[in-house]
Amino acid sequence: KPWVELPNGEMICVQTNARKSGELFRNMFYLKQVELDEASFILGLQAGLPEEFDLDVSLNDLEKRCQLAFARLDENMTAIEQVLAQQFWYSAPMRRQQ
């Protein structure tokens, strides 16, 4: 069972990135398809995952860390949606509100 269920038009992914120094790190991305004044856009937010993400930690611990990262992203997405809805004709998949 997935730890979060998203509506169509939303996606979460984890990606390994490299800093300019070449150091590798992992980010979680939250992508959401929206329409602003009838034009399609994809909103993208990212959050860093803890360094110990790759170490020997339990699957439950990794899941909890991902849930915490997603909770921050979800709060930020809500704030962005509120700002955009005030300035544009805003349309997006329905989501559960806190």
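For the structure itself, consult the block above.
Residues numbered from 1 in each chain as written. Predicted model: local features only at pLDDT ≥ 70, side-chain atom pairs only at ≥ 80, totals over all residues. Heavy atoms only, no water.

Go over the overall build of the protein with me, naming the residues and quoting the values.
In terms of regular secondary structure, the protein is built from one helix and four strands. Counting every position in the protein, which comprises 98 residues, the buried fraction comes to 27%. Here the analysis covers contacts within the protein between residues at least 6 apart in sequence; of these, 44% occur between residues at least 24 apart. As displayed, the protein has an accessible area near 7200 Å², and 52% of this comes from carbon and sulfur atoms. (Helix = DSSP H or I, 4+ residues; strand = E, 2+ residues; numbered from the N terminus. Buried < 20%, exposed > 50% of the residue type's maximum accessible area, 1.4 Å probe, protein only. Contact = heavy atoms within 4.5 Å. Areas by Shrake-Rupley, 256 points an atom, 1.4 Å probe, with all protein chains shown as cover.)

Hey, could you go over the packing of aromatic side chains for me, with residue numbers and the actual values?
How two aromatic rings sit relative to each other is set out by the distance from centre to centre and by the angle between their planes. Summed over all chains, the structure comprises one aromatic pair. One residue, R19, lies across the ring of F25, its end atom 4.1 Å from the ring centre. (Phe/Tyr/Trp six-rings, centres within 6.5 Å; stacked < 30°, edge-to-face > 60°. Lys NZ or Arg CZ within 6 Å of the ring centre and 35° of its normal.)

Go over the nonpolar core, please, and point to the residues and values.
The biggest cluster of nonpolar side chains holds 14 residues, and the ones touching the most others in it are M28, Y30, L43, L73 and M77. Sorting the residues of this core by element identifies β2 (24–36), β3 (39–48) and α1 (59–87) as the ones contributing at least two each. (Core = buried A, V, L, I, M, F, W, Y, C linked by side-chain atoms within 4.5 Å.)

With reference to specific residues and values, describe α1.
In this model, α1 (29 residues) spans 42 Å end to end at C-alpha, consistent with the 42 Å of a helix rising 1.5 Å per residue. Every buried residue of α1 is listed here: L62, R65, C66, A69, F70, L73, D74, M77, E81 and L84. Where α1 is buried, its residues touch β1 (10–18), β2, β3 and β4 (90–91). (Expected span 1.5 Å × (residues − 1).)

Could you give an account of the environment of E51, naming the residues involved and the relevant values?
Tracing the sequence through the fold places E51 in the loop between β3 and α1. In this structure E51 comes out as exposed when scored by relative accessible area, which is 54%. For the pair E51 and F25, spaced 26 residues apart in sequence, the C-alpha to C-alpha distance is 7.2 Å.

Could you give an account of the side chain of E10, naming the residues involved and the relevant values?
When you line up the elements, E10 lands in strand β1. Here K32 takes part through its side chain, which lies 3.4 Å from a polar atom of the side chain of E10. (Polar contact = N/O pair within 3.5 Å; in protein donor to acceptor, adjacent residues only side chain to side chain.)

Account for the pattern of salt bridges, naming residues and giving values.
Counted under the stated rule, the structure contains four salt bridges. Here R19 makes a salt bridge to E23, at a shortest N to O gap of 3.3 Å. Among the residues examined, R19 registers a relative accessible area of 38% and is labelled partly exposed. According to the relative accessible area criterion, E23 is partly exposed, its value standing at 39%. Note that K32 is salt-bridged to E81, the shortest N-O span being 2.3 Å. (Salt bridge = Lys/Arg side-chain N within 4 Å of Asp/Glu carboxyl O.)

Report on the pairing of β1, specifying residues and quantitative values.
Sheet analysis places β1 next to β2, joined by nine bridges and oriented antiparallel. Paired with N17 across the two strands is F25, which belongs to β2. Count of turn residues in the β1/β2 antiparallel hairpin: five residues, of which G22 carries a positive phi of about 95°. (Pairing = 2+ DSSP bridges.)

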